Structure formats: C-alpha cells, structure tokens
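In case you want the letters, here they are:
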Amino acid sequence: MEGPPPNSPRPWRWIPTLYFGQGIPYVVVMTLAVVLYKNLGISNTDIALYTSWLYLPWVIKPLWSPLVDLLRTKRLWIVSLQFVLGAAFALVALTLPAPHAFQATLAVFWLMAFSSATHDIAADGFYLLGMPAHQQAAFVGVRSTFYRLAMIAGQGGLVYLAGSLQESTGSVVRAWTLIFWLLAAFFVLLSFYHAMALPKPTADRATVRTHNFFLGFVEVFAAFFRKPGIGVTLAYLLLYRLAEAQALKLITPFLLDKREVGGLGLTTKDVGIVYGTVGVIALTVGGILGGMVIARFGLKRLLWPMLIAMHAPIAVFLGLALLQPANVTIIGSAIALEQFGYGFGFTAYMVYMMMVAEGEHKTAHYALCTGFMALGMMLPGMAAGWLQEHLGYVNFFGWVCVTTLPSFVVTALLKVDPAFGRRAAPAG
C-alpha cells in the first residue's frame, strides 16, 4: 500500500495542529455563536432555532465527501479550507459592527460550517494517507486530545477573553470583533504552516477514473456498500455507542438536578471541575492509552477488552443514582472511571472505522462511517430526555445498562484482520 514518502515530516509536527485546527471552527459555530448572540441581546427562541440549523453540514457531510476524493489532493483541500476559514472569521469581524449583524453573521457562520465540515473530511482522509496503519492507531489518542484542547480553548479561553474585553472596552461588539480578528489571523497562519509542515504521501491524489464525473461520484458510494459484511459493519457503527448516546445527554442534568428529584445537586462550578476537567483528563488518558495498546497488539486482540472497558463503567451512573453521594471527590472519581473507560473503549471504534475505510476511496468512506456514527448518536439521544422524565434517573440508567447488550451482539459478528492496527515488527 502506498504511503508517505521517505523522510516525510514526523506526525508530531502536523497531527496536533491539524486536529486543533479541526476543533476550533466547530466550537465557534456550535458554542461561541450562541454566546455571541446572547451578548447581542438576541432572543433565546431565535438563538436556538437558527444556531441549531448550523449543525446540519456535519450531519450530511458524507453526501459531498466523494468530491474531496475525486478532486485534487487532501493536502490542498486542507490548506485551502483553512485559509477560507480564516477569511470567514474576518467576515464575521467585519459584519458585526454593521446593520443587521445577526443576519449577516449567521450567513457567514453557514459558510464557516460547510467549510469546517469539508475540512473535517479532508483532514480525516489525509490522516489515513499520511501514516502507516500502526501509526494511525497509535495517534488516535493524540488527535482526540488536541481536538478536545480546541474545545476547551474555545468554550473556555475565548469566552473568558471575550468577557474580559467587554469589561475593558465597554463594548460587546468591539470585544467580539477583536476575538474574530484573532481567529482570522490564527487560521491564515495555520494555513501557511500546514502548506510547509504537512507530508506529501504518494497516495494523496485525485481518484477520478472516468470522464463521466457523476458516475465516478456514484461509484464512491456504491463501492462502500459493496464492502464485504457491510450489513454487520453498519449495525456496529449504529449500535456500538447506543448506551453512551443516551447517557451522554443526561449526565450534566443528572449532576445539576436537585437531590429530591434524583440528581446529585452539584453546582455549575462543581460540574466544571468533576466533568469538564477531571472527566476530560480521564477521557484523554484513556484515548491515548487505547491508541498505544492497539499499536502494540492490534485491533482484533483489543476488540473485546475495549468493548467491556467502554460499557461496564456506565454502571457507575446507576450506582450514583442509587446512592446519591454528596462527596464531590467520590462523584469525581466515579466520573473519571467512566470517562477513562469510554476514552479507552472508543479507540477500538475509531480504528475499526479506519479499517473499513481502507481502499481506493479512503476519505469518502471514512466520512460515510462518521456519518453513520453521528446517526447512531443522534437518534438515541433524541429520546433520552423523554425516557428519563418518565423513568426517573435510577430506572433510566438501569435501562442504559441494558442497552449495552446490542453492542456485544454486533461485536461478536465482526471480522477483523488480526494484523490491522499493529505496529510491524522490525526486521531482524
């Protein structure tokens, strides 16, 4: 299989910056836009309605993922889209002081969302081409870590900075304008940096093989659904996170809700510490360790241990709901255990998607996998709140534990190459 050329840049030179850059636009569109509009005095109804639609490009991105495979190189897509994102941030800065700022900035956020979703396709595809399979597995935790650091930098650092600038300048518009000029400069510099730092793998080329572009486009999708065992693969992608998809929607409300209604009665500050800090650290450590052990032993040997590691700790929420401990250290330790297991176990899921995407159309096929992953998270999560309100927290988390069973069934049906993900032994 073709890969990176000899003496290509080391992964540490480009993976951290690539995935930090992937996370920033997402957090800006999904979180900072909400804070911005709230600061501008937009009604909650309008904020919820219009910013919710901004999530659509990430849901439907598999529909245009073949274009990234069929046209030009993933490297060129990444560098170009980062420059476009920089321009989009600058447009927000320019339109904020103008009349009808809400409508104008919302239009730019749409451009930003589609550019960011397309950048995700190219970045994930390039990740599959820029390194051999064992390095891909080993760096799963690293890419996840820097993506999460981007989320923290956006939700924490930039929001805090915006608040400080509002106090010092006395102007909401001026403060947010400076924030978006900062982001614009960062992404233009990031584009130039990646133009120099990204490797040039020989496999990174346009894959169009026919004069009929439409037929080539359709063939990318058809090739995915012709893969051996595709039915089991789709069941795995949709069901592996069935339990987590439901629990994830209710963890924060459970921590914040009053004890008399079954919650733990934590303050927002406590939640920030035990879930937003301790939990994220445990999640990150679990993901990094997961990547290391798959690189050592291969995906097949770790499939079941990681499945158990991801699902068994979900029972800690049932225990917390039953016992309702008041000690923040106990609660934090329980959440750290669950998040570590989640980070460790989720690595197998990501590496399996890399294996499924192997072949001519890696970029588009990986994007299709992530699309089914998003669907598997979205649909169960939509009903989770309704279930909890009718069942109560104890019965809800009991139900979540039961819904781990389908993932065990589909995992038993998987066929995995024993060598996939494992670092090749040095020649002796």
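See above for the structure.
Talk me through the overall build of the protein; I want residue IDs and the actual numbers.
Each helix and strand counted, the protein has 18 helices and zero strands in total. Residue pairs at least 24 apart in sequence account for 85% of intrachain contacts in the protein once pairs closer than 6 positions are excluded. For the protein, the exposed surface amounts to about 18,600 Å²; the carbon and sulfur share of it is 69%.

Can you tell me about helix H18 (residues 405-413), naming the residues and giving the values?
If you check which residues of H18 are buried, you get Ser407, Val410 and Thr411. Buried residues of H18, viewed axially, fall in a sector of 105°; they line one side. Exposed positions of H18 whose direction lies more than 90 degrees from the buried face are Leu405, Val409 and Ala412.

Kindly report on the pattern of salt bridges, identifying the contributing residues and their values.
Counted according to the given criterion, the structure contains one salt bridge. Arg143 serves as the salt-bridge partner of Asp124, at 3.3 Å between the closest nitrogen and oxygen. A residue pair is termed long-range when its members are at least 10 positions apart, and Asp124 in helix H6 (residues 101-129) and Arg143 in helix H8 (residues 140-169) qualify at 19 residues. The buried category is assigned to Arg143, whose relative accessible area is 6%.

Would you mind going over the environment of Leu198 in detail, with residue names and values included?
Mapped onto the elements of the fold, Leu198 is located in the loop between helix H9 (172-197) and helix H10 (213-225). What makes Leu198 buried here is its relative accessible area of 2%. Spatially, the C-alpha atoms of Leu198 and Leu18 are 9.0 Å apart, while their sequence positions differ by 180 residues.

Lay out the packing of aromatic side chains with the relevant residues and their values.
All told, the structure shown has 27 aromatic pairs when counted by the stated rule. Here Tyr19 and Tyr127 contribute two aromatic rings whose centre-to-centre distance is 5.9 Å and whose plane-to-plane angle is 90°, an arrangement assigned as edge-to-face. Within this pair, whereas Tyr19 is found in helix H1 (residues 11-39), its partner Tyr127 is found in helix H6, the two being separated by 108 residues in sequence. What makes Tyr19 buried here is its relative accessible area of 1%. Their ring planes at 65° and their centres at 4.8 Å tell us that Tyr236 and Tyr352 sit as a pair that is edge-to-face. Residue Tyr236 is located in helix H11 (residues 230-239), and its partner Tyr352 is located in helix H16 (residues 328-357); the two are separated by 116 residues in the primary sequence. Taken together, the ring pairs connect Phe20, Tyr37, Phe89, Phe102, Phe109, Trp176, Phe180, Phe186 and Phe187 into an aromatic cluster. Here Arg143 stacks its cationic end above the ring of Tyr127, 4.5 Å away from the centre of that ring.

I'd like a description of H1, backed by residues and values.
With 29 residues, H1 extends 40 Å from end C-alpha to end C-alpha; this agrees with the ideal 42 Å at 1.5 Å per step. When the local axis directions of H1 are compared, the greatest deviation, roughly 45°, occurs at Val28. Downstream of H1 by a residue or two, Gly41 has a phi angle that is positive, lying close to 85°.

Please set out the nonpolar core residue by residue, giving values where relevant.
Ranked by size, the top nonpolar core spans 98 residues in total, and within it Val28, Phe89, Phe109, Met112, Tyr127 and Phe180 carry the most contacts. If near-sequence neighbours (up to four positions away) are discounted, Phe180 is found in contact with Val28, Leu36, Phe89, Ala90, Val92, Ala93, Leu96 and Phe109.

So what's going on with unusual backbone geometry? Residues and values would help.
Of note, the phi angle at His100 is positive, near 55°, even though the residue is not glycine. For Gln324, which is not glycine, the phi dihedral falls at a positive 45°. Considering the arrangement of structural elements, one finds Gln324 in the loop between helix H15 (315-323) and H16.

Break down the packing of H11 against H16 for me, citing the residues and quoting the values.
At a closest axis distance of 11 Å, the pairing of H11 and H16 adopts a crossing angle of 150°. When the interaxial angle is binned, H11 and H16 end up roughly antiparallel. In terms of crossing hand, the pair formed by H11 and H16 is left-handed. Listed contacts from H16 to Thr233, Tyr236 and Leu237 of H11 are Ala348, Tyr349, Tyr352, Met353 and Val356.

Talk me through the side chain of Asp124; I want residue IDs and the actual numbers.
On the accessibility criterion, Asp124 (8% relative accessible area) is buried. Setting aside residues no more than four positions away along its own chain, Asp124 makes contact with Tyr19, Gln22, Arg143 and Tyr366.

Tell me about a nonpolar patch on the surface, residues and numbers included.
Judged by side-chain polarity, Ile281, Val285, Ile288, Leu289, Met292 and Phe340 come together as a nonpolar surface patch covering roughly 490 Å² of accessible area. The biggest single contributor to the nonpolar patch is helix H13 (residues 268-297), with five residues. Here Ile281 lies in helix H13.

Go over the side chain of Gln22, please, and point to the residues and values.
Locating Gln22 in the fold gives a position in helix H1. The class for Gln22 is buried, based on a relative accessible area of 7%. Discounting residues that sit within four places of it in the chain, Gln22 has contacts with Ser116, His119, Asp120, Ala123, Asp124 and Tyr147.

Please give an account of the environment of Gly263 that cites residues and values.
Inspection of the secondary structure assignment puts Gly263 in the loop between helix H12 (242-256) and H13. Take Gly263: its relative accessible area is 0%, and that puts it in the buried class. Each C-alpha atom of the pair Gly263 and Tyr393 lies 7.3 Å from the other, and the pair is 130 residues apart in sequence. For Gly263, the residues in contact, after removing those within four places along its chain, are Phe254, Asp257, Lys258, Gln324 and Tyr393.

Quick rundown of the environment of His361? Include the residues and the values.
By the element assignment, His361 lies in the loop between H16 and helix H17 (362-402). Along the primary structure His361 and Phe221 are separated by 140 residues, whereas in three dimensions their C-alpha atoms are 9.3 Å apart.

Cut-offs and rules
- Residues numbered from 1 in each chain as written.
- Predicted model: local features only at pLDDT ≥ 70, side-chain atom pairs only at ≥ 80, totals over all residues.
- Heavy atoms only, no water.
- Helix = DSSP H or I, 4+ residues; strand = E, 2+ residues; numbered from the N terminus.
- Contact = heavy atoms within 4.5 Å.
- Areas by Shrake-Rupley, 256 points an atom, 1.4 Å probe, with all protein chains shown as cover.
- Buried < 20%, exposed > 50% of the residue type's maximum accessible area, 1.4 Å probe, protein only.
- Arc of directions from axis to C-beta.
- Salt bridge = Lys/Arg side-chain N within 4 Å of Asp/Glu carboxyl O.
- Phe/Tyr/Trp six-rings, centres within 6.5 Å; stacked < 30°, edge-to-face > 60°.
- Lys NZ or Arg CZ within 6 Å of the ring centre and 35° of its normal.
- Expected span 1.5 Å × (residues − 1).
- Bend = angle between axes of the 7 residues up to and from the residue.
- Core = buried A, V, L, I, M, F, W, Y, C linked by side-chain atoms within 4.5 Å.
- Axes fitted to C-alpha atoms, helices over the stretch in contact; angles between N-to-C directions.
- Parallel < 35°, antiparallel > 145°, perpendicular 65-115°, else oblique.
- Left-handed = near helix turned anticlockwise from the far one by under 90°.
- Patch = residues over 30% accessible without salt bridge, like charges linked within 9 Å, V, L, I, M, F, W, Y side chains within 5 Å.

By themselves, these are just geometric observations and shouldn't be taken as functional.
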